[in-house]
Amino acid sequence: MSLVSDAHDAHGARYRDRGGRRVVDHYGKPQRVGKAVRNVVGAIEMGYGVLVVTGDDRVEFVDNAVSNRVPDTDGRGTYALLLDPQGGIETDMYVYNAGERLLVFCPPERTTAVRDDWSGKVFIQDVTIRDASDEFGVFGVHGPKSTEKVASVLNGAGAPEEPLTFVRGSMVDAGVTVIASDNPLGEEGYEIVCAAADAPDVFDTLLTRGLNAAPFGYRTWDALTVEAGTPLFEHELQGNIPNVLGIRNALDFEKGCYVGQEVVSRVENRGRPSRRLVGLTLPGLHDAVAEVDGDADPDGYDDILPDAGAAVFDGDEAVGEVTRAAVGPATGHPLALALVDFGMSPEGLTVRLDGEETPATRADLPFIEGSARSLRVPTYPEG
């Protein structure tokens with residue numbers, strides 16, 4: 001459930017379920033708000049699950065489980081993956097070293113499974129894992145003016161600069177931790193963490209004090225991450241091997257063994273995966289999209305855009321499938337992310353939509369250049 005439902009309701013929020021958590025879908029004008037985030041700054045309540053890992057062996061324990069190096073220094077974090085033995089992604093997560101504890105932010109639908117799995121693997125180590133999702137409020141602040149926004153309300157510290165580092169300070173009378181994000185929307189960004197009891201005051205501060213920020217929900221988040229070329233767990237990552245997604249920032253190829261590492265290393269040594277994540281423009285849908293006011297009817301694009309799983313063709317040959325599609329808030333055009341054969345032609349493609357073929361052209365990711373580049377934009381070794 002949301003920690004700030006009254007504030008959301010006051011702005012006309014409409015909700016949806018995200019992994020068992022009630023989150024804001026939109027506030028009635030998702031396209032217009034998306035442009036506000038691209039041009040100025042917006043704030044969103046994040047729907048993370050949060051695990052707290054304590055004990056003397058906490059860093060070593062988590063480091064042995066995940067695909068990236070867990071920092072051993074307070075104030076630093078990492079983006080990492082849990083893989084199955086075949087190299088498939090079971091979940092992604094952010095791991096932050098907060099002194100005597102690690103904070104692990106992960107998709108809400110995976111929180112219980114990760115807690116139970118890790119708890120079952122603790123033997124003689126001094127490690128305790130608990131679900132603390134209800135103890136924290138987490139808000140994202142994103143946009144080219146997000147640094148100015150944070151500076152206008154943060155007391156006792158300056159905004160952190162290096163991605164996934166954090167500082168502690170206060171907003172009004174609430175203690176907060178401010179994390180520099182990995183720019184998932186293709187804009188400068190931060191995440192603000194506070195105690196659950198302080199969440200209403202902190203959210204109000206982010207929206208109305210200092211430089212105002214526009215509230216936005218996950219429908220806008222999804223569209224902005226498409227434009228930014230950022231793969232998400234629930235759409236692109238789940239079940240795929242990380243090499244296919246090109247999320248090399250989640251992998252440390254020199255660290256010790258973790259589940260799935262042999263598969264990841266084998267694909268890496270081969271030079272390139274068999275498939276890759278690409279962007280597609282859909283020019284054949286421009287006219288249909290132009291006829292819909294996405295703010296007046298936020299569901300109006302649903303019958304126009306291809307669904308997840310829509311087949312991508314090169315001539316008569318199926319070469320992949322769409323993972324999700326959206327109308328870009330900045331571009332105003334229909335865009336898609338797709339998993340396709342690595343050597344696929346960039347032109348002459350089509351996407352099957354309601355039994356018909358609509359033209360598609362492969363595009364470089366990201367689709368837009370914002371104030372910062374997402375660290376998850378797919379990158380692949382040459383070869």
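Small disclaimer: the values here were computed from a predicted structure and weren't measured.

Conventions and cut-offs
- Residues numbered from 1 in each chain as written.
- Predicted model: local features only at pLDDT ≥ 70, side-chain atom pairs only at ≥ 80, totals over all residues.
- Heavy atoms only, no water.
- Helix = DSSP H or I, 4+ residues; strand = E, 2+ residues; numbered from the N terminus.
- Rg over C-alpha atoms; globule rule 2.2 N^0.38 Å.
- Buried < 20%, exposed > 50% of the residue type's maximum accessible area, 1.4 Å probe, protein only.
- Contact = heavy atoms within 4.5 Å.
- Areas by Shrake-Rupley, 256 points an atom, 1.4 Å probe, with all protein chains shown as cover.
- Lys, Arg positive; Asp, Glu negative; His and termini not counted.
- Charge placed at Lys NZ, Arg CZ, Asp CG, Glu CD.
- Pairing = 2+ DSSP bridges.
- Axes fitted to C-alpha atoms, helices over the stretch in contact; angles between N-to-C directions.
- Phe/Tyr/Trp six-rings, centres within 6.5 Å; stacked < 30°, edge-to-face > 60°.
- Domains from an automatic or database assignment.
- Buried area = accessible area lost by both parts, 1.4 Å probe.
- Salt bridge = Lys/Arg side-chain N within 4 Å of Asp/Glu carboxyl O.
- UniProt positions renumbered as here; feature names shortened; annotations may be inferred.
- Core = buried A, V, L, I, M, F, W, Y, C linked by side-chain atoms within 4.5 Å.

Tallying secondary structure elements over the protein gives eleven helices and 19 strands in all. Against the 2.2 N^0.38 benchmark of 21 Å for 383 residues, the protein shows a C-alpha radius of gyration of 21 Å, consistent with a compact globule. Counting only C-alpha atoms, the protein reaches 60 × 50 × 30 Å along its principal axes. When each of the 383 residues of the protein is scored for burial, the buried share is 57%. Taking the contacts inside the protein whose residues are at least 6 apart along the sequence as the reference set, 69% of them involve residues at least 24 apart. When the accessible surface of the protein is split by element, carbon and sulfur atoms take 45% of a total near 15,700 Å². Computing the positive centroid from 34 side-chain charges and the negative centroid from 62, the protein places the two 2 Å apart.

Moving on, we get to the side chain of T205. For T205, the location among the structural elements is in helix α6 (residues 199-208). Not counting residues up to four positions away in its chain, the partners in contact with T205 are K149, V153, M171 and V172.

What follows covers the sheet that holds strand β13 (residues 214-215). With mixed pairing, six strands are arranged side by side in an open sheet as β10-β11-β12-β9-β3-β13. The outermost strands of the open sheet, each flanked by one partner alone, are β10 (166-171) and β13. Bridge count for strand β3 (residues 42-45) against strand β9 (residues 136-142) is four bridges, and the pairing is antiparallel. Within β9, the position partnered with E45 by the bridge is F139. The strands that helix α5 (residues 146-153) touches are β9, β10, β11 (174-180) and β12 (189-195); relative to β12, the one it contacts most, it runs at about 30°.

Strands sit in the order β14-β17-β16-β15-β18-β19 around a closed barrel of six strands; the barrel is antiparallel. Here the strands of the sheet are splayed against their neighbours by 45° on average, with no regard to which way each runs. Bridging between strand β15 (residues 311-314) and strand β16 (residues 317-327) involves four bridges; their strand directions are antiparallel. Looking at β16, one finds that F313 is bridged to A318.

All right, on to the packing of aromatic side chains then. Inspection of the entire model under this criterion finds ten aromatic pairs. Ring centres 6.3 Å apart and planes at 15° place the aromatic pair Y94 and Y96 in the stacked group. Summarising the aromatic geometry, the rings of F342 and Y380 are spaced 5.6 Å apart at their centres and angled 90° between planes, so their arrangement reads as edge-to-face. Here the residue F342 occupies a position in the loop between β17 (334-341) and β18 (349-353), and Y380 occupies one in the segment after β19 (356-363), the gap between them amounting to 38 residues. A residue is classified by how much of its surface remains accessible, and Y380, at 16% relative accessible area, is buried. Through pairs of rings, three or more aromatic residues link up here, namely Y48, Y79, Y94, Y96, F105 and F166.

A few words now on the domain arrangement of the protein. If you check the domain split of the protein, you get domain 1 (7-48 + 134-224), domain 2 (49-131) and domain 3 (274-366). Measuring from the centre of the C-alpha atoms in domain 1 to the corresponding centre in domain 3 gives 29 Å. Listed by partner, the interface residues are 14 residues for domain 1 and eleven residues for domain 3. Summing both partners gives a buried area of about 950 Å² for domain 1 against domain 3, and 51% of it is carried by carbon and sulfur. On the domain 1 side of the contact with domain 3, Q31, R219 and A223 bury the most area, a combined 50% of that side's loss. Joining domain 1 to domain 3, the criterion identifies two salt bridges. For D295, the salt bridge identified is with R32, shortest N-O distance 3.9 Å.

The next point concerns the UniProt feature "domain: GCVT N-terminal" (unreviewed entry) in the protein. As annotated by UniProt and renumbered to match this structure, "domain: GCVT N-terminal" (unreviewed entry) occupies residues 6-241. The span residues 6-241 is 28% helix and 33% strand, and its two end C-alpha atoms sit 40 Å from each other.

One finds L81 and F105 to be the most contacted residues of the largest nonpolar core, which totals 57 residues. Sorting elements by how many residues they give to this core places helix α7 (residues 218-228) first, with five residues. Setting aside residues up to four positions removed in sequence, L81 forms contacts with A65, V66, S67, I89, T91, D92, L237, P242, I247, A250 and L251. Counting residues in hydrophobic clusters, the runner-up holds 25 residues, among them A199, V202, F203 and L206.

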